[in-house]
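Below, each chain spelled out in residue letters.
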Amino acid sequence: MCGIVGYIGNDNAIDIVINGLENLEYRGYDSSGIAFLDEGNIDVVKCVGRINNLKEKLSKEYKNFFSNIGIGHTRWATHGVPSDVNSHPHLSMNGKFAVVHNGIIENYLKLKEELEKLGFTFKSETDTEVVSNLLEKLDDGDFLNTVFKMKKTVEGSFAFGILKKDTNELIATRKESPLVVGISDSGFYVASDIIAILKYTRDIIYLENGDLIHFKDNSYTIYDKNDKIVNRELKHINWSVETATKDGFDHFMLKEIFEQPKAIKETLLRRLDEDNNLNLDGLEDLLDSDLKRFNKCYVVACGTAFHAGLVGKNILEKAFNFPVILDIASEFRYADNFLDENTLLIIISQSGETADTLAALREAKRKGAKVLSITNVVGSSIARESDNVFYTFAGPEIAVASTKAYTTQLVSIYMIALKIGRILNNISKSEYDEIIENLKLIPDKIQLMLKDTQIYKSIAKKLKDKSNCFYLGRGLDYYTAMESALKLKEISYVYTESFAAGELKHGPIALIEDGTIVFVIATQRKLYEKVISNIKEVKARGAKVFEITQFDDSNCVCDVKILIPKTIEILMPIISVIASQLIAYYASLAKGNDVDKPRNLAKSVTVE
Ligand code: G6P
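Residues numbered from 1 in each chain as written. Predicted model: local features only at pLDDT ≥ 70, side-chain atom pairs only at ≥ 80, totals over all residues. Heavy atoms only, no water.

**Things to note about the overall build of the protein**
Where we set the bar: Labels follow the DSSP assignment, with helices taken as runs of H or I lasting at least four residues and strands as runs of E lasting at least two, numbered in each case from the N terminus. As a reference, a globule follows 2.2 Å times the number of residues to the power 0.38, and the radius of gyration itself is taken over C-alpha atoms. Burial here depends on accessible area, computed with a 1.4 Å probe over protein chains only, as a share of the maximum for the residue type. Under 20% is buried, over 50% is exposed, and the range in between is partly exposed. In this description, contact between two residues means that some pair of their heavy atoms is separated by no more than 4.5 Å.
Within the protein, the secondary structure is distributed over 19 helices and 25 strands. For 608 residues, the compact-globule estimate of 2.2 N^0.38 gives 25 Å, and the protein sits close to it at 26 Å. Counting all 608 residues of the protein, 61% fall into the buried class. Counting only contacts in the protein whose residues sit at least 6 apart along the sequence, the fraction spanning at least 24 positions is 70%.

**Concerning the site of the ligand**
Inclusion rule: The nearness test applies per residue and asks whether one of its heavy atoms lies within 4 Å of the molecule or strand. Any pair of N or O atoms that falls within 3.5 Å is considered a polar contact. Within protein, one atom must be able to donate a hydrogen and the other to accept it, and sequence-neighbouring residues count only if both atoms are side-chain atoms. In short, Shrake-Rupley with a 1.4 Å probe defines the accessible areas, and a residue's cover is counted only from the protein chains shown. We call Asp, Glu, Lys and Arg charged. Ala, Val, Leu, Ile, Met, Phe, Trp, Tyr, Cys and Pro are nonpolar, and the rest, Gly among them, are polar.
The full set close to the ligand counts 13 residues, and S349, Q350, S351, T354 and A602 are the nearest of them. A distance of 2.6 Å separates an oxygen atom of the ligand from a polar side-chain atom of S349. In the model, an oxygen atom of the ligand is placed 3.2 Å from a nitrogen or oxygen of the V400 main chain. For the ligand, whose free accessible area comes to 380 Å², the fraction covered by protein is 89%. Broken down by element, the residue count for the shell around the ligand peaks at 3 residues, all from helix 10 (residues 303–320). Looking at the shell around the ligand residue by residue, the class counts come to 5 nonpolar, 7 polar and 1 charged.

**Observations regarding the packing of helix 16 (residues 454–463) against helix 19 (residues 572–590)**
For clarity, the threshold we go by: Angular values range over 0 to 180 degrees, each being the angle between N-to-C directions of two axes fitted as lines to C-alpha atoms, with helices fitted over their stretch in contact. Our angle categories are set so that under 35 degrees counts as roughly parallel, over 145 as roughly antiparallel, 65 to 115 as roughly perpendicular, and the remainder as oblique. Throughout, a crossing is termed right-handed when the near helix is turned clockwise from the far one, and left-handed when it is turned anticlockwise from it by less than a right angle.
Packing of helix 16 against helix 19 leaves a shortest axis separation of 8 Å and a crossing angle of 50°. The pairing of helix 16 with helix 19 is recorded here as oblique in orientation. Both helix 16 and helix 19 take part in a crossing whose hand is right-handed. Here Y456, K457, I459, A460 and L463 of helix 16 come into contact with helix 19, specifically with A579, L582, I583, Y586, A587 and A590. When grouped by side-chain class, the residues that make up the contact of helix 16 with helix 19 number 10 nonpolar, no polar and 1 charged.

**Considering the pattern of salt bridges**
Convention followed: Any Lys or Arg side-chain nitrogen found within 4 Å of a carboxyl oxygen on Asp or Glu counts as a salt bridge.
Counting across every chain of the model gives 27 salt bridges. For D139, the salt bridge is made with K164, and the minimal N-O distance between the two is 3.4 Å. Of the two residues, D139 is situated in the loop between helix 4 (128–138) and helix 5 (143–153) and K164 in strand 7 (residues 156–164); the sequence distance between them amounts to 25 residues. The residue R362 makes a salt bridge to E385 at a minimum N-O spacing of 2.6 Å. With a gap of 23 residues between them, R362 in helix 12 (residues 355–366) and E385 in helix 13 (residues 381–385) connect regions that are remote in the sequence. One network of salt bridges, in which partners are shared, links K96, D139 and K164.

**Focus: the domain arrangement of the protein**
Put simply, the rule is: Source of the domain bounds: an automatic or database domain assignment. Buried area is understood as the total, over both parts, of accessible area removed when two parts are fitted together, assessed with a 1.4 Å probe.
Under the domain assignment used here, the protein contains domain 1 (2–243), domain 2 (245–450) and domain 3 (454–590). Inter-centroid distance (C-alpha atoms) of domain 2 to domain 3 is 25 Å. At the junction of the two partners, domain 2 supplies 34 residues and domain 3 supplies 27 residues. For the pairing of domain 2 and domain 3, the buried interface totals around 2,700 Å² over both sides, and the portion due to carbon and sulfur atoms is 77%. Taken together, domain 2 and domain 3 are joined by 8 residue pairs in polar contact (both at pLDDT 80 or more). Of all the secondary-structure elements, those providing two or more residues to the side of domain 2 that touches domain 3 are helix 7 (252–258), helix 8 (260–269), helix 10, helix 14 (404–423) and helix 15 (429–451). Its residues assigned to classes, the side of domain 2 that touches domain 3 shows 19 nonpolar, 10 polar and 5 charged.

**Some points on the side chain of E490**
For E490, the location among the structural elements is in helix 17 (residues 476–492). For E490, a relative accessible area of 12% puts it in the buried group. Only 3.3 Å separates the side chain of E490 from the side chain of K487, close enough to count as a polar contact. Other than its neighbours up to four places away in sequence, E490 contacts A401, S402, P598 and L601.

**Here's the deal with the environment of S381**
The residue S381 is located in helix 13 in this model. Separated by 26 residues in the primary sequence, S381 and A355 have C-alpha atoms spaced 9.6 Å apart. If we skip the residues at most four places from it in the chain, S381 touches G352, E353 and L358. There is a polar contact of 2.6 Å between the side chain of S381 and the side chain of E353.

**A word on the packing of aromatic side chains**
Our working rule: We call Phe, Tyr and Trp rings a pair once their centres come within 6.5 Å, taking the six-membered ring for Trp, and we label the pair stacked below 30 degrees between planes, edge-to-face above 60, and tilted otherwise.
Applying the stated criterion across every chain, the model contains 21 aromatic pairs. Aromatic pair Y189 and Y200: ring centres 5.5 Å apart, planes at 15°, arrangement stacked. With a gap of 11 residues between them, Y189 in strand 10 (residues 187–191) and Y200 in the loop between strand 10 and strand 11 (203–206) connect regions that are remote in the sequence. Judged by relative accessible area, which is 1%, Y189 ranks as buried. For the ring pair F249 and F258, a centre distance of 5.2 Å and an interplane angle of 45° mean the geometry is tilted.

**Looking at the sheet that holds strand 16 (residues 296–301)**
For clarity, the cut-off: By this definition, two strands are paired if DSSP reports at least two bridges between them.
Taken in spatial order, the 5 strands of this open sheet run 17-16-18-19-20, and their pairing is parallel. Both outer strands of the open sheet, strand 17 (324–328) and strand 20 (388–391), are each paired with one neighbouring strand and no more. Geometrically, the sheet is characterised by an average inter-axis angle of 20° between neighbouring strands, direction not taken into account. For strand 16 and strand 17, the ladder comprises 5 bridges, and the chain directions are parallel. Counted as the bridge partner of C297 is V324 from strand 17. This element, helix 12, spans strand 16, strand 18 (343–349) and strand 19 (370–375) of the sheet and lies at about 165° to strand 18. Its contacts with the sheet place helix 14 against strand 18, strand 19 and strand 20, and it is angled at close to 140° to strand 19.

**Details of the nonpolar core**
Selection rule: Side-chain atoms within 4.5 Å link the members of a nonpolar core, which is a set of buried Ala, Val, Leu, Ile, Met, Phe, Trp, Tyr and Cys residues.
F320, F519 and I574 are the most contacted members of the largest nonpolar core, which totals 122 residues. By residue number, the principal contributor to this core is helix 19, which donates 12 residues. Apart from residues lying up to four places away in sequence, I574 is in contact with I264, T407, L410, V411, Y414, L439, I442 and I446. In this structure, F97, V99, L111 and L134 belong to the second largest nonpolar core, which totals 25 residues.

Shown next, in the form of structure tokens:
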């Protein structure tokens, strides 16, 4: 996910674009840049890091400079590490076209090869530079026509802002990626999100999929996906700046919970072909090597990422056909483990910067282990130092409580394990197909759950005045209970513990008293009867039990049953956790806490 902004009008495009980018930083923040016309030439200023770095650079090189037309970009790296050269805008080789892009050009490698044969060279690793050079190749002197031709050639998703040398015109177009247009008396604006331009106008046009807008001579024309002129309605919106940043959601956490269907699709579908084959970019050399040499696999992470590893243990063990060892990074790095060149270490980290996880990685590498990391941040320290990296394409996660990063981590582990399991012949083709087919259905099932959140709001009201509560589960549900308890405690501050339901009678049951709230996660058929017994045990001691389950059996012994969509049991953790994310969110809200920034916590823990 990246953010783009463009402006053409009477005011200074540089100020407007920079202000817009600052408001889009939530969409990506590893680098940024701007292009504007300077006496007909296109000048580009860009650099790695936050937008402040760009502002500093501009204030040195272009102090008090005026341009009436410009495009800008804030990046969330997907193709190539965050660096000055990989930052947008990207100029064509002859400097005639500048492009900013949000999205992914799927046929960029093929296009790049074709362009290279024609003598084009590339400075960056990005798919976007291919588009600027493609524009140069297709240039027939007519800016609009050249962009039409480019649009027909590229495949994938995009929102583009494009400038051409010696041409006081701005073209923007979108397919799948968002793009809105703003109109004011002093000019025209385009942006990935209304928030970027709200300061200047509330008169907005939402471009439809495939639309292109051409700004020229103080006017604009919109073309639809077939290049036919269309009218799009101009809407006046009343959003506050604060609401708009979060796409209309009250908090980033809620927005990120709702983004999960899309994030899971991104992570999964781009690696899956029509025949259900998994193409795991980034792991090619590992998968082509002798996987049989591994006789140990450790999974190491912190916090939520550690819970993702726990859920993944089961399928990884199937894949390798040997026990897989889980450890918390801060413990692992000091433990006397058995790392050697026959060890695979799987590191999981949303940020890719967690100090303990990074230290564990370094320790393992020092001892000769092969390191595969699963992370959300391209070019992060963990990504850079690992032998192989698998990206969860969840987009930036802003709320401290991790949601979409977690579910995409789960999907990533399933994909990696399935692939390894097939290569080693430890997972049968039919088992593989069944899991893949069901994984593909998960986004729609989550979408269904998110349609009605009433039950979670009413549970939150009951939790509001409690000082403690519990999550119980067995098997995979125990791991979901651990993640659920973490979610609830970190943002609601209700003291929440998770227990393996079978361990209850060995101690924790002493904590149950009249009115204690106990959440029970029960999604595994073979363990169901046992879980029912545990529910009876805590109820007999006065607990109020909320059961999160896919079984609608009538012999429910709980007080409230939260029915969630069904899927095969091994995948249930991806669905059941959505319920506890919502419980945590609404509980935090009901208590009036700062949901996105809970006390004492940080999104990325870069201290040991
Ligand atoms: C912090 C965050 C958690 C996260 C953990 C590990 O505690 O608040 O949400 O799970 O760090 O972070 P990582 O970026 O390595 O996944």
